[in-house]
Amino acid sequence: MAHKTTIWKITSLLLGLGLLAMIMYGCPSQTGMLDTGDAAQRVYVAPGEYDEYYAFFSGGYSGQLSVWGLPSARMFRNIPVFSQDPESGYGYSEETKPLLMTSYGFIPWDDSHHPDFSHTDGMPDGRWIFINANNTPRVARIDLTTFETVETLELPNTGGNHASTFVTENTEYILGATRFSIPYEMDKDVPIDSYKENFDGSLSFIAVDPESGEMSMDFQIIMPPYHYDLGRAGKGPSADWAFFTTYNTEQAHTLLEINASEFDKDYVVAVNWRKAQEYVREGRARTVPANYYHNLKGKNTGIAVSNVHDEVLLLDPEDAPGMIYFLPTPKSPHGVDIDPTGEYIVAGGKLATVIPVHSFSRMLEAIDNEAFEEVINGIPVLEYEATIIGEVENPGLGPLHTEFDGDGNAYTSVYISSEIVKWSLETFEVTDRIDAYYSIGHLMITGGDTPNPDRKYMVGLTKTARDRFLPTGPKQLHPAQLYDISGDRMELLLDFPTIGEPHYAQAIRADKIRDNVKQIYDLDENQHPHAVKRPRDARVVRDGDVVRVYMTNIRSHFTPDNIEGIRVGDTVYFHLTNIEQDWDMVHGFAIKGANSGEVLIAPGETKTIVWHPQRTGIFPFYCTAFCSALHQEMQGYVRVSPVGSDVSLSWRTGDE
Amino acid sequence: MQQVIRILLLLIISLVYTGCGNGNGEERETAAARDEAAELTEFELEHGIGPVTERLDIGDLDVERARRGADIFDRRCTACHRMGRRFVGPPVGDVTEERSPEFIINFILNPEEMTNRHPVGQELLQEYMTIMPYQNVTKEQAIEIVDFLRYYAETGEDLRD
């Protein structure tokens, strides 16, 4: 008995202490806990709660763009851009195939690198995000009300569009450039070792319509045959300028690993794009032949249409004084990043022992004073000492990219030594360093490339996972790490696998996008020429060997769902209209033997898939997206008869 | 004494448990809360659960309104409904004679909850095995559909023809 009492006493004492602690220190679920250094608390977003940021990760060689929440690192969507998508049917459906058309034909899969948002006053405005295709050079626009690719534009006379899609302060231009110099003249057949005579570089300025977002190739600048690696638009005082890094100023064309690493310095290119635009408007650019595709999805039809262009405006620096300069920069610089004030131009000297920092205001002075070392093809080379303002010592091996926190700190990813170094924009001294797992490429700070960063999270986009996760064979997904940068020291919060190779990423406060996201496509606004907006208009029409099936989907049947009179050798288009008007009520469509794939149809949308029946028989089709309790019943049959059969065309749904 | 300790303990435990609310201050609906809400008001039993919570004065049958309703019905409802016979869903030619306008409007505007919580909705689910989809019809359009159905019930004429 006495024993029992003691237990009671101890229990009540403990509970009393707990209560006291709660009163004194507050509830564990609230903010007090966040300061304890518990990483799990800081990335935990409770079920049903929303993340603070949308983050968009380039899919690298998957050609996609994946959408994540920060800080939870939950993936919301994988948007196909430069690749066919075996989930949505993007690039398989007749409506979306044209988005993958180029002057080289249909390209099913490309390599995407650098996403960038549309900007208003330098800040992401949540309207569109752009991303480049590196291999067959293109840029794409993704509409952030639907998270769908709506436009692609090919870059003529460009070999690898890597320094893209960096966007100017008010989305006047998207930058592009040739990564691999090639003969500028289209399809020119010359010996490769005539590189110095026949090869050229080019920079591209892609205009964006401020209302519609529609892109157009405004002009290109012809450049010496160097390699143009990365770009950035200026901001604030430097907003009228665009910056690019170069490598291979040696003009090597073989074994670049050795031959493009000979010189001590390559260049940062500074282009006054506003001046260039004036020159172009004055008529100083030449019109030259080109061949490139512009593919645009119709706003209400949902059908992408290709337009082929056959010329482009080309500006030669020889004809455009005061527009473009070279800033000598240590050994094969990679990233070129502009601090939030627009004053510092930070280059990632990937083979250099320092991080060189140029000053924009000193650059303008040097231009005024004509502090030129030489002039190459009409482009003055400024003296190194005239523009450089700092060299960050001891940055580790292989500094690549830099982002900023708005409090005077810069963060540079360092590839070879696999770390991130934090340094001061005042003293140019390293103040902190943290490991990356493993071999970091880009890094991204929330708003870290804007005039007004959120000093919250930093994502390191690393190249190899090795032992970080449960192993999945010789090839594993590329990882990313989430860091907290709000304090004096950088802190690692999370390590997670990603899709493809996310070269670069962008983040935006969720409220900039969230409330504008569409829940359905309004059926009343659907202007697809083959849409069925009333179930009674569902029908099958034959025109020679071409049969068009106008079909509706709703939970849980197709109209019509029995079709006869199709013959071997026909070309059958299934035009599927999802007549649902409820959020997220998608239907799919697949028919046995279809070589063109499947499609997924969003509510209110019309999608088309083509089918070439090659054998007689009965072909079931069904809804591939689990849509209701009677989803299994959402199916139908097509009867295929031989060539010349007299089975007449007929269709039904139930007894109608 | 033990009784006193027990009561004190209970008090302390309940304080500890209730002292910490949800961080964002929002009450989350739990399954238990939904069960309690299964009790329907008399209005809800008669006129349905949804945005319409009191009798509407939709007035007499308005033929122009009924014509507009015919168009919406044709686009949004005919995938599943016929006037005089069962199709995917029940026949609707005489529904206005059985149900109040408010009931029909609530069913159109809030089909999921009507199926999950209303006895009539549950009965319909048992019979038709499918839940009526929400079709993004506005309240005004739902009134127009009611007039289209009232017109049919009164005259036998289908304004879509």
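Reading the values: rules and limits
Residues numbered from 1 in each chain as written. Chains lettered and ligands numbered in written order. Predicted model: local features only at pLDDT ≥ 70, side-chain atom pairs only at ≥ 80, totals over all residues. Helix = DSSP H or I, 4+ residues; strand = E, 2+ residues; numbered from the N terminus. Rg over C-alpha atoms; globule rule 2.2 N^0.38 Å. Buried ≥ 20, exposed ≤ 12 C-beta atoms within 10 Å, placed from the backbone. Contact = placed C-beta atoms within 7 Å. Pairing = 2+ DSSP bridges. Axes fitted to C-alpha atoms, helices over the stretch in contact; angles between N-to-C directions. Parallel < 35°, antiparallel > 145°, perpendicular 65-115°, else oblique. Nonpolar A, V, L, I, M, F, W, Y, C, P; charged D, E, K, R; others polar. pLDDT = per-residue confidence, 0-100. Arc of directions from axis to C-beta. Core = buried A, V, L, I, M, F, W, Y, C linked by C-beta atoms within 7 Å. Left-handed = near helix turned anticlockwise from the far one by under 90°.

## A look at the overall build of chain A
Within chain A, the secondary structure is distributed over seven helices and 44 strands. Relative to its length of 656 residues, chain A is compact, with a C-alpha radius of gyration of 29 Å against a globular reference of 26 Å. On the principal axes, the C-alpha backbone points of chain A span a range of 100 × 85 × 45 Å. The proportion of buried residues among the 656 residues of chain A is 51%. Contacts in chain A between residues far apart in sequence, at least 24 positions, make up 61% of those at least 6 positions apart.

## Considerations on the overall build of chain B
For chain B, the helix and strand inventory stands at nine helices and zero strands. Its helices and strands in sequence order give chain B the pattern α-α-α-α-α-α-α-α-α, from N to C terminus. By residue count, 31% of the 161 residues in chain B fall in the buried class. In chain B, the proportion of contacts linking residues at least 24 apart, taken out of those at least 6 apart, comes to 73%.

## Considerations on the pairing of strand E13 (residues 227–233) of chain A
Residue and element names in this part refer to chain A. Buried residues dominate E13, accounting for seven of its seven residues. Taken together, the five bridges between E13 and strand E14 (residues 241–247) define a ladder with antiparallel strand orientation. The partner of tyrosine 228 across the bridge, within E14, is threonine 246.

## Details of the environment of arginine 138 of chain A
All names here are of chain A. Note that arginine 138 resides in strand E8 (residues 138–143). Arginine 138 sits 24 residues away from histidine 162 along the chain, and the two C-alpha atoms are 9.7 Å apart. Not counting residues up to four positions away in its chain, the partners in contact with arginine 138 are Phe82, Thr102, Asn132, Ala133, Thr152, Leu153, Glu154, Leu155 and Asn161.

## Focus: unusual backbone geometry
All names here are of chain A. Omega for the bond connecting leucine 70 with proline 71 falls within 30 degrees of zero, at 15°, which places this linkage in the cis form. Mapped onto the secondary structure, proline 71 falls in the loop between strand E2 (64–70) and strand E3 (74–80). In this structure, tyrosine 438 follows tyrosine 437 across a cis peptide bond, with omega equal to -15°. Topologically, tyrosine 438 is positioned in the loop between strand E28 (430–435) and strand E29 (440–445).

## Some points on the sheet that holds strand E31 (residues 479–484) of chain A
All names here are of chain A. The strand order across the open sheet formed by four strands is E29-E30-E31-E32, and the pairing between neighbours is antiparallel. In this open sheet, the two strands that pair with only one neighbour each are E29 and strand E32 (491–497). Between one strand axis and the next, the sheet turns through 20° on average, direction left out of account. Relative to E31, strand E30 (residues 457–462) runs antiparallel, the two being bridged by five bridges. For leucine 461, the partnering residue across the bridge sits in E31 and is alanine 480.

## Some remarks on the packing of helix H4 (residues 63–76) of chain B against helix H9 (residues 139–155) of chain B
All names here are of chain B. The N-to-C vectors of H4 and H9 enclose an angle of 105°; their axes lie 7 Å apart at closest approach. When the axis of H4 is compared with that of H9, the two are roughly perpendicular. Contact with H4, carried on its side by Val63, Arg65, Ala66, Arg68, Gly69, Ala70, Ile72 and Phe73, involves Gln141, Ile143, Glu144, Ile145, Asp147, Phe148 and Tyr151 of H9 and no other residues of that element. Considered class by class, the residues forming the contact of H4 with H9 number nine nonpolar, two polar and four charged.

## Quick look at the confidence of the model for chain B
Residue and element names in this part refer to chain B. In the predicted model, chain B carries a mean pLDDT of 85, and the fraction of residues at 70 or more is 76%. Per-residue pLDDT, averaged within each element of chain B, yields its smallest value for helix H2 (residues 31–36) (49) and its largest for helix H6 (residues 101–109) (98). Here residues 15–29 scores under 50 on pLDDT; set against residues more than four positions off or in separate chains, the count is 13 contacts. In the model output, the complex is listed with pTM 0.89 alongside ipTM 0.78.

## A closer look at helix H6 (residues 360–368) of chain A
All names here are of chain A. Of the positions making up H6, those classed as buried are Phe360, Met363 and Ala366. Down the axis of H6, the sector holding all buried residues measures 115°, keeping them to one side. Close packing links the buried residues of H6 with strand E15 (265–272), strand E18 (324–330), strand E20 (344–349), strand E21 (354–359), strand E23 (379–382) and helix H7 (384–387). Downstream of H6 by one or two residues, glutamate 370 has phi in the positive range, about 50°.

## Overview of the sheet that holds strand E42 (residues 617–622) of chain A
All names here are of chain A. The strand order across the open sheet formed by six strands is E40-E39-E42-E43-E37-E44, and the pairing between neighbours is mixed. Sheet topology places strand E40 (599–601) and strand E44 (650–652) at the edges, where each strand pairs with a single neighbour. Going from strand to strand, the sheet's axes swing by 25° on average, the running direction of each strand aside. Pairing geometry for strand E37 (residues 562–567) and strand E43 (residues 635–641), over four bridges, is parallel. Bridge pairing in E43 links arginine 567 to serine 641.

## Quick notes on the nonpolar core
All names here are of chain A. Counting 117 residues, the largest nonpolar core has Val271 and Ala276 as its most contacted members. By residue number, the principal contributor to this core is strand E12 (residues 215–223), which donates six residues. Among the nonpolar cores identified, the runner-up in size contains 34 residues, and Ile591, Leu600, Ala602 and Trp611 belong to it.

## Some words on the environment of isoleucine 601 of chain A
With respect to the element layout, isoleucine 601 of chain A can be found in strand E40. Separated by 107 residues in the primary sequence, isoleucine 601 of chain A and leucine 494 of chain A have C-alpha atoms spaced 35 Å apart.

## Some thoughts on the environment of glutamate 97 of chain B
Residues and elements named next belong to chain B. Its location among the elements puts glutamate 97 in helix H5 (residues 95–98). You can call glutamate 97 exposed: it has 10 C-beta atoms within 10 Å. Considered as a pair, glutamate 97 and lysine 139 are 42 residues apart in the sequence and their alpha carbons are 20 Å apart.

## Let's talk about the packing of H6 of chain B against H9 of chain B
Residue and element names in this part refer to chain B. Contact geometry for H6 and H9: axes closest at 9 Å, N-to-C directions at 130°. Taken together, H6 and H9 sit at an angle that is classed as oblique. Crossing of H6 over H9 shows right-handed handedness. For the pair H6 and H9, the contacting residues are Pro101, Ile104, Ile105, Ile108 and Leu109 in the first and Lys139, Ala142, Ile143, Ile145 and Val146 in the second.

## Thoughts on the pairing of E20 of chain A
Each regular strand carries side chains that alternate between the two faces of the sheet. All names here are of chain A. Counting buried positions along E20 gives six out of six residues, so the element sits mostly inside the fold. Relative to E20, strand E19 (residues 333–338) runs antiparallel, the two being bridged by four bridges. By the bridge assignment, isoleucine 338 is partnered in E20 with isoleucine 345. Here E19 folds back onto E20 in antiparallel fashion, the turn holding five residues, of which glycine 342 has a positive phi close to 85°. As paired elements, E20 and E21 share three bridges and run antiparallel to each other. Among the inter-strand pairings, isoleucine 345 is bridged to a residue of E21, identified as histidine 358.

## Let's talk about the confidence of the model for chain A
For chain A, per-residue confidence averages 94 on the pLDDT scale, and 94% of positions sit at 70 or higher. Here residues 18–36 of chain A is a poorly scored stretch, pLDDT under 50, and it has 20 contacts once near neighbours within four places are set aside; other chains count.

## Some thoughts on helix H5 (residues 273–282) of chain A
Residue and element names in this part refer to chain A. Restricting attention to buried positions, one finds in H5 the residues Trp273, Ala276, Tyr279 and Val280. Here the buried residues of H5 occupy an arc of 115° about the axis, which is enough to place them on one side. In H5, the exposed positions that point more than 90 degrees away from the buried face belong to Arg281 and Glu282. On its buried face, H5 is in contact with strand E10 (173–177), strand E11 (201–208), E12, E14, E15 and strand E17 (304–315). A positive phi of about 95° marks glycine 283, the residue just after H5.

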